[in-house]
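# Observations on the three-dimensional arrangement
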Amino acid sequence: MSVESAIDRQSEVPYYQQLAQVLEQRISSGDIARGARLPSEQDLCDEFGLSRATVRQALQHLESRGVAQRIPKRGVFASEAVDGTGWVIQGKEGFLENAIGHQHRTVSTEVLRSGATALPADVCRALQVPDGSIGFELVRVRSLDGKPALFSTNYSPPVLIPVLAGAADVLTGHASLSTLLSSAGFALGGAHRLIQAKHPTAEIAEALDIDADEPMLCIRSTSWTAEGQRYDVYDTWVRSDVIPLEVNVRTVDLGSR
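This report concerns the structure included in the present document. These figures come from a predicted structure and were not determined experimentally.

## Overview of the packing of helix H2 (residues 41–48) against helix H3 (residues 52–64)
Where H2 meets H3, the axes come as close as 9 Å, and the angle between the chain directions of the two elements is 115°. When the axis of H2 is compared with that of H3, the two are roughly perpendicular. Crossing geometry of H2 relative to H3 is assigned as right-handed. On the side of H2, the interface is formed by Glu 41, Gln 42, Leu 44 and Cys 45, while H3 contributes Arg 52, Val 55, Arg 56 and Leu 59. Counted by class, the contact of H2 with H3 contains four nonpolar, one polar and three charged residues.

Quick look at the structure:
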C-alpha cells in the first residue's frame, strides 16, 4: 500500500485524525521508537499530501492523548502511550476527537435533536448571558463499537446560533463541534468540569440502554476562550463500564517560564 493511501480521501473521518492514527500506530509498533523525534511538519506534509495546518492539528491531537510531547525549539517526540482505554476528560479537544484516537475501534455519533432554544436558567448563568436568552442546543449519543457510551447535551450562547445552524456536518454527527467552534474563533482557553453521580432521565436511560434507577456519572462542563468569553456548556452522561474516564497530568517547571 502506498503512503498516500494511508489517508482515505473518501472517509468522513477528518484527515488530521487519520494522520494521528497512522503516527500512533507507528509509535505502538516501534517504527517510531519511544523518545524518538517524529518527522517534521514539512516532512509529514510532503509524505501525506496534507496542509501544514492539518499536520499541526494531528500532532496536537497526539499531544492531548499523551502519545507525543512537544519540546520547544526541538520538535515533537514520541512518549509513553496512555493505555488507550479511557476518554480524556480535559484537553484541547473534545470527547469525540479523543475517542477516535482509539485504534481498531469504531466511534459513531447520533444527533437526537438540534436547534435554537430558550437556554435553561443555570446555563444562562454559566454562559453569563441574560436569563431567557435564546441559544443553541445540540443533543447527541456517542457509541463505541456499537455500544452506547455517552449522552451529551451542548448549549451555546446566542452569538453562535448562526455558526451552528449552518454546520451541516456537525448537525448530522459527521464532524467535531470542538473543531467547528475553534475555527469560528472560539478555541478552548480554559474549562471547569464538575463530575458527580446522578440519576438519568428516562430519555437518557433509554438512549444509553441502562436502568434509570441506577445513578451514573454526569459531567457538567463550562468552556471559555483565552479572553474569558464563555461559549459552551455541556452535560455529558458517561457509561464508564463502556469507556472509563481518563485524566492526564503534566507538571510545569515554573522556573523556566
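And the narrative resumes.
## Observations concerning the packing of helix H1 (residues 15–29) against H3
Running from N to C, H1 and H3 point in directions that differ by 55°, and their axes come no closer than 8 Å. Our classification of the angle between H1 and H3 gives oblique. Seen from above, H1 lies across H3 with right-handed handedness. Contact with H1, carried on its side by Tyr 15, Tyr 16, Leu 19, Ala 20, Leu 23 and Glu 24, involves Thr 54, Val 55, Gln 57, Ala 58, Leu 59, His 61 and Leu 62 of H3 and no other residues of that element. Within the contact of H1 with H3, the residues separate by chemical class into nine nonpolar, three polar and one charged.

## Digging into the packing of aromatic side chains
Under the counting rule described, the total for this entry stands at one aromatic pair. Each ring, one from Phe 186 and one from Tyr 231, has its centre 5.9 Å from the other, and the planes form 55°; the classification is tilted. With a gap of 45 residues between them, Phe 186 in the loop between helix H8 (177–183) and strand S7 (190–198) and Tyr 231 in strand S9 (residues 230–238) connect regions that are remote in the sequence. The ring of Tyr 15 carries the charged tip of Arg 9 above its face, separated from the ring centre by 5.1 Å.

## A look at the pattern of salt bridges
Enumeration over the complete set of coordinates arrives at nine salt bridges. Arg 239 is paired through a salt bridge with Asp 241; the nearest N and O atoms lie 2.7 Å apart. Residues participating in the shared-partner salt-bridge network are Glu 41, Arg 52 and Arg 56.

## What about the nonpolar core?
If you look at the biggest cluster of nonpolar residues, it comprises 21 residues, and the most contacted ones within it are Leu 19, Leu 23, Leu 38, Phe 48, Val 55, Leu 59 and Leu 62. Considering every element that reaches this core, the biggest residue donor is H1, with six residues. For Leu 62, the residues in contact, after removing those within four places along its chain, are Ala 20, Leu 23, Glu 24, Leu 38, Val 67 and Ala 68. One finds Leu 160, Val 170, Leu 177 and Leu 180 within the second-largest nonpolar core, a separate group that totals twelve residues.

## With respect to the sheet that holds strand S8 (residues 216–224)
The pairing of strands in a sheet happens through backbone hydrogen bonds and is either parallel or antiparallel. Strands sit in the order S4-S5-S6-S9-S8-S7 across an open sheet of six strands; the sheet is antiparallel. Two strands close off the open sheet at either side, each with one partner strand: strand S4 (107–118) and S7. Looking at each pair of strands side by side, their axes are set apart by 15° on average, direction ignored. Pairing of S7 with S8 involves nine bridges; the strand directions are antiparallel. The residue bridging Leu 194 from the neighbouring strand is Arg 220, located in S8.

## Examining the pairing of strand S2 (residues 75–78)
Examined bridge by bridge, strand S1 (residues 68–71) and S2 share four bridges and lie antiparallel to one another. Its bridge partner lying in S2, Ile 71 is registered against Gly 75. Connecting the antiparallel pair S1 and S2 is a turn made up of three residues, with Lys 73 showing a positive phi of about 70°.

## Topic: H3
With 13 residues, H3 extends 18 Å from end C-alpha to end C-alpha; this agrees with the ideal 18 Å at 1.5 Å per step. Every buried residue belonging to H3 is among Thr 54, Val 55, Ala 58, Leu 59, His 61, Leu 62, Glu 63 and Ser 64, and all of these are buried. Within two residues after H3, Gly 66 carries a phi angle of roughly 75°, on the positive side.

## Focus on the environment of His 61
Inspection of the secondary structure assignment puts His 61 in helix H3. Between the C-alpha atom of His 61 and that of Leu 19, which follows or precedes it by 42 residues, the distance is 9.8 Å.

## Some words on H1
Helix length check: H1 (15 residues) gives 21 Å between terminal C-alpha atoms against 21 Å at 1.5 Å per residue, within 8%. Along H1, the residues classified as buried are Tyr 16, Gln 17, Gln 18, Leu 19, Ala 20, Val 22, Leu 23, Glu 24 and Ile 27. Directly beyond the C-terminal end of H1, a positive phi value near 95° is found at Gly 30.

The rules behind the values
Residues numbered from 1 in each chain as written. Predicted model: local features only at pLDDT ≥ 70, side-chain atom pairs only at ≥ 80, totals over all residues. Heavy atoms only, no water. Axes fitted to C-alpha atoms, helices over the stretch in contact; angles between N-to-C directions. Helix = DSSP H or I, 4+ residues; strand = E, 2+ residues; numbered from the N terminus. Parallel < 35°, antiparallel > 145°, perpendicular 65-115°, else oblique. Left-handed = near helix turned anticlockwise from the far one by under 90°. Contact = heavy atoms within 4.5 Å. Nonpolar A, V, L, I, M, F, W, Y, C, P; charged D, E, K, R; others polar. Phe/Tyr/Trp six-rings, centres within 6.5 Å; stacked < 30°, edge-to-face > 60°. Lys NZ or Arg CZ within 6 Å of the ring centre and 35° of its normal. Salt bridge = Lys/Arg side-chain N within 4 Å of Asp/Glu carboxyl O. Core = buried A, V, L, I, M, F, W, Y, C linked by side-chain atoms within 4.5 Å. Buried < 20%, exposed > 50% of the residue type's maximum accessible area, 1.4 Å probe, protein only. Pairing = 2+ DSSP bridges. Expected span 1.5 Å × (residues − 1).

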